[in-house]
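As a plain string of letters, each chain reads:
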Amino acid sequence: MTMPFYVAPEQMMKDRADYARKGIARGRALVACTYDDGILVCAENPSRMLRKVSEIYDRIGFAGVGKYNEFDQLRIAGVRHADLKGYSFSRDDVDARSLANQYAQILGQVFTHEMKPMEVEILVAEVGHDPTGDQLFHILYDGTVIDETGWAVLGGEADAIGERMGGAWLAGAPLGVAAAAAVGALAGPDRTIPVSDLEVAVLARGNGRRTFRRIEDEELATILAPSESDGD
Amino acid sequence: MTLPLYSPQDDPGPDFAALVRRAGLAPPLPDGAVSALAGPVGPGGLTVTHGTTCVAVRYADGVVMAGDRRATSGNFISHRSIEKVFPADRHSGVAIAGAAGPAIEMVRLFQLQLEHYEKVEGSPISLEGKANQLSQMVRNHLPAAMQGMAVVPIFAGYDLQRSEGRLFQYDVTGGRYEEHDHTATGSGSLHAATVVKLGFRDGLPEPAAIDLVLRALYEAADEDSATGGPDLLRGIFPVVATISAQGFRRVADDVLRDRFVALYESLELARSTATDATTAEGGEPE
């Protein structure tokens, strides 16, 4: 005898959410926070080529965790959206809030209508002209938008990392202190992450029109060095 | 505006110009002929604002680019302080001559094309690639050029792979020609190019290269009515930019003012010594 499958909507949503969360938890986490001259994004990423953190526009950065091809597709769509908007209006009219809303729309739609939800969590950050204007939008796999203040954690073990970050982060700290807090929170007490496994970038107010800048290799080691030796 | 998502089969890739066309934002081509020739235009015709002389010279650390500030519509001066030298990205610049409106639009699209590619792909285009991109844009503009709205740019940049400055000159068909030492474009280019040619030496230091392009624009303005000279009264000077390993840098107006004052003084001195020499030889002073 044949029985039509009935799945309660609650169950269906829960299954999809579990599926997405599992996918996201498999990857490494990422921390973003504000510091005195802008916004710092720090990810654990052994690859130099497949980036998690990147530039969207003059004052807007993007970071994603989860499935690389899915968040990279979103990243490129964001760059296109921002460049087209800046081209048809003005560079000043491109803002993180509207981009975050666009992302939320897409993620929400995919979550409810497609075969499988996107296994991603993304961050859209905008550096303001002064520290009060800094914005961090954290967007979940189901399209939920969270407007974070100070710092945000994306990816697996977000709760534990968030707890450590909440304890270490100070508003208006210099870059070195903020970077040490972020790396410390990512690593936890029993582990140190080598510099080569870190992907760090900033949106720095003092960096001219295009505020996005990667901090790599020796520069990153120098920034992290003094506070690490203090901690030891 | 919605998020531009494309399926992998019809993704426009890192090409911003293609994206603009896909989004329906590219302007349609004009269907009537527009006369951009100098001189008064009869009823029904339009006079297009024209930008004029630009030069670029290779020097020890890279390239220096300069352009005068005048735009003309027929025999009228339509703008005294238009800018024709723009940064294309961190290590390259573009200078334009021709119909000002389409030229400035082309520069805007070109700048975005380079930045867009860099962001989408994660690495910048090579200098050669940038020059080819501009070539395609000039080529696509040919139908408008045939209707009297020609745009003839110069592209110059610092090649990070070869560690040297490079210059590219174009024609209306998109032809791209690499120049070794110097190039000029626009109505006053004949005079400007001659001055640059006579004053050019290999490995010029930066101040000498700046003086050379200023002299070239000064002489072009002296001979060509569509090229504007330095305007000490209003404080309008040519746009001069150096492009080296440190990137695109615009030379400040007060530096240019000092260089022009020095140029005037040297020209004055040259005239008076010439007169003195004639007197000393027993000739009649004028």
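The structure this text deals with has already been given above.
Our subject in this report is the structure included herewith. Computed from a prediction, not measured in an experiment: that's the story for all the values here. (Residues numbered from 1 in each chain as written. Chains lettered and ligands numbered in written order. Predicted model: local features only at pLDDT ≥ 70, side-chain atom pairs only at ≥ 80, totals over all residues. Heavy atoms only, no water.)

The subject of this paragraph is the overall build of chain B. Within chain B one finds 7 helices and 13 strands. At 21 Å, chain B has a C-alpha radius of gyration in line with the 19 Å of a compact globule built from 286 residues. Over its C-alpha atoms, taken along the principal directions, chain B stretches across nearly 85 × 55 × 30 Å. Going through the 286 residues of chain B one by one, you find that 48% of them count as buried. Restricting to contacts in chain B with at least 6 residues of sequence separation, those with at least 24 account for 63%. On chain B, roughly 13900 Å² of surface is accessible, and the fraction owed to carbon and sulfur atoms is 52%. Between the mean site of the 24 positive side-chain charges and the mean site of the 36 negative ones, chain B shows a separation of 5 Å. (Helix = DSSP H or I, 4+ residues; strand = E, 2+ residues; numbered from the N terminus. Rg over C-alpha atoms; globule rule 2.2 N^0.38 Å. Buried < 20%, exposed > 50% of the residue type's maximum accessible area, 1.4 Å probe, protein only. Contact = heavy atoms within 4.5 Å. Areas by Shrake-Rupley, 256 points an atom, 1.4 Å probe, with all protein chains shown as cover. Lys, Arg positive; Asp, Glu negative; His and termini not counted. Charge placed at Lys NZ, Arg CZ, Asp CG, Glu CD.)

Bringing the sheet that holds strand β13 (residues 247-250) of chain B into the picture now. All names here are of chain B. Read across the sheet, 5 strands follow the order β11-β2-β3-β12-β13 without closing on themselves; strand pairing throughout is antiparallel. Edge positions in the sheet fall to β11 (182-185) and β13, since each has one partner strand and no second. Each strand axis lies, on average, 15° off the axis of its neighbour in the sheet, ignoring direction. Relative to strand β12 (residues 239-244), strand β3 (residues 62-67) is paired through 6 bridges, and the arrangement is antiparallel. Paired with Gly62 across the strands is Ser244, a residue of β12. (Pairing = 2+ DSSP bridges. Axes fitted to C-alpha atoms, helices over the stretch in contact; angles between N-to-C directions.)

Glancing now at the nonpolar core. Where a protein is soluble and globular, its nonpolar side chains tend to be buried together. With 28 residues, the main nonpolar core has Phe16, Val94, Leu109, Phe110, Leu134 and Phe155 of chain B as its most contacted residues. Secondary-structure elements contributing two or more residues to this core are α2 (68-88) of chain A together with α1 (16-22), β6 (85-89), β7 (92-99), α2 (100-121), α3 (127-140), β8 (151-159) and β9 (164-170) of chain B. A per-element tally of this core places α2 of chain B first, with 7 residues. Beyond its immediate chain neighbours, meaning those up to four positions away, Phe110 of chain B contacts Ala88, Val94, Lys130, Gln133, Leu134, Met137 and Phe155 of chain B. (Core = buried A, V, L, I, M, F, W, Y, C linked by side-chain atoms within 4.5 Å.)

Across the boundary between the two partners, chain B contributes 24 residues, which contact 26 residues of chain A. Across the chain B to chain A interface the summed buried area is about 2300 Å²; carbon plus sulfur atoms make up 60%. Together, Met1, Leu3 and Lys119 of chain B form the three largest contributors to the area buried by chain B at its contact with chain A, with a combined 33%. For the salt bridge of Glu118 of chain B with Arg210 of chain A, the shortest nitrogen-to-oxygen distance reads 3.3 Å. When residues of the side of chain B that touches chain A are traced back to their parent elements, those giving at least two are α1 and α2 of chain B. With 9 residues, α2 of chain B is the largest single contributor of residues to the side of chain B that touches chain A. Grouping the amino acids of the side of chain B that touches chain A by side-chain chemistry returns 14 nonpolar, 3 polar and 7 charged. (Buried area = accessible area lost by both parts, 1.4 Å probe. Salt bridge = Lys/Arg side-chain N within 4 Å of Asp/Glu carboxyl O. Nonpolar A, V, L, I, M, F, W, Y, C, P; charged D, E, K, R; others polar.)

Before going further, it helps to examine unusual backbone geometry. Residue and element names in this part refer to chain A. Positive phi is not limited to glycine here, since Glu157 has a value of about 55°. When you line up the elements, Glu157 lands in the loop between β8 (151-154) and α4 (158-168). One non-glycine residue, Asp217, lies in positive phi territory at about 45°. Of note, Asp217 is situated in helix α6 (residues 217-231).

With that settled, the discussion passes to the environment of Glu179 of chain B. Residues and elements named next belong to chain B. Examined against the element boundaries, Glu179 turns out to sit in strand β10 (residues 176-179). Taking relative accessible area as the criterion, Glu179 reaches 27% and is therefore assigned partly exposed. For the pair Glu179 and Val251, spaced 72 residues apart in sequence, the C-alpha separation works out to 23 Å. Setting aside residues up to four positions removed in sequence, Glu179 forms contacts with Leu167 and Gln169.

This brings us to α2 of chain A. Owing to its 3.6 residues per turn, the α-helix aligns residues three or four sequence positions apart on the same side. Its 21 residues give α2 of chain A an end-to-end C-alpha distance of 30 Å, which sits within 8% of 30 Å, the value for a rise of 1.5 Å per residue. For α2 of chain A, the buried fraction is high: 17 of the 21 residues fall into the buried class. (Expected span 1.5 Å × (residues − 1).)

The next subject is the packing of helix α1 (residues 9-26) of chain A against helix α3 (residues 96-113) of chain A. All names here are of chain A. The interhelical angle for the contact between α1 and α3, taken along N-to-C directions, is 120°, at an axis separation of 10 Å. As far as their axial angle goes, α3 and α1 are oblique. Touching Met13, Arg16 and Ala17 of α1 are Val110, Phe111, Thr112 and His113, all from α3. Of the residues assigned to the contact of α1 with α3, the class counts are 4 nonpolar, 2 polar and 1 charged. (Parallel < 35°, antiparallel > 145°, perpendicular 65-115°, else oblique.)

Leftover empty space is mapped by rolling, across the atoms, a probe with the size of a water molecule. Residue and element names in this part refer to chain A. In the structure shown here, the tally under the stated rule is 1 cavity of 30 Å³ or more. Taken as a whole, the largest cavity encloses approximately 50 Å³ of empty space. Lining the largest cavity, in full, are Val41, Val53, Ser54, Gly61, Phe62, Ala63, Leu123, Ala125, Ala201, Val202, Leu203 and Phe212. Of all elements in the fold, only β3 (53-57), β4 (60-66), β5 (120-126) and β9 (198-204) reach the threshold of two or more residues within the lining of the largest cavity. Classifying every residue of the lining of the largest cavity by side-chain character gives 10 nonpolar, 2 polar and no charged. (1 Å grid on protein atoms, 1.4 Å probe; cavity = no way out; pocket = protein on both sides within 12 Å on 5 of 7 lines; lining within 4 Å. Points joined across faces, edges and corners; volume = space filled by probe spheres on them.)

Another aspect to go through is the packing of aromatic side chains. For the structure on display, the rule yields 8 aromatic pairs over all chains. Pairing Tyr87 of chain A with Phe16 of chain B gives two aromatic rings, centres 5.8 Å apart and planes at 85°, and the pair type is edge-to-face. With Tyr87 of chain A in helix α2 and Phe16 of chain B in helix α1, the pair connects residues from two separate chains. With 6.1 Å between their ring centres and 20° between their planes, Phe237 of chain B and Phe260 of chain B make a pair best called stacked. With a gap of 23 residues between them, Phe237 of chain B in the loop between α6 (206-223) and β12 and Phe260 of chain B in helix α7 (residues 253-280) connect regions that are remote in the sequence. In this structure Phe237 of chain B comes out as buried when scored by relative accessible area, which is 2%. Ring pairs connect the aromatic residues Phe110, Phe155 and Phe168 of chain B, which therefore count as one cluster. (Phe/Tyr/Trp six-rings, centres within 6.5 Å; stacked < 30°, edge-to-face > 60°.)

Right, let's talk about the layout of surface pockets for a bit. By volume, the largest pocket is sized at about 1300 Å³. The wall of the largest pocket is formed by 48 residues, among which Glu55 and Arg210 of chain A together with Arg90, Glu118 and Pro124 of chain B lie closest to the centre. For the lining of the largest pocket, the elements supplying multiple residues, two or more each, are β3, α2 and β10 (212-215) of chain A together with β6, α2, α3, β8 and β13 of chain B. Take the lining of the largest pocket: its biggest share by element is 9 residues, from α2 of chain B.

Residue and element names in this part refer to chain A. Pairing in this open sheet of 5 strands is antiparallel, and the strands run β3-β4-β5-β6-β7 from one edge to the other. The open sheet terminates on both sides in strands that have one partner only, identified here as β3 and β7 (145-148). Each strand axis lies, on average, 25° off the axis of its neighbour in the sheet, ignoring direction. Direction of pairing for β4 relative to β5: antiparallel, over a ladder of 7 bridges.

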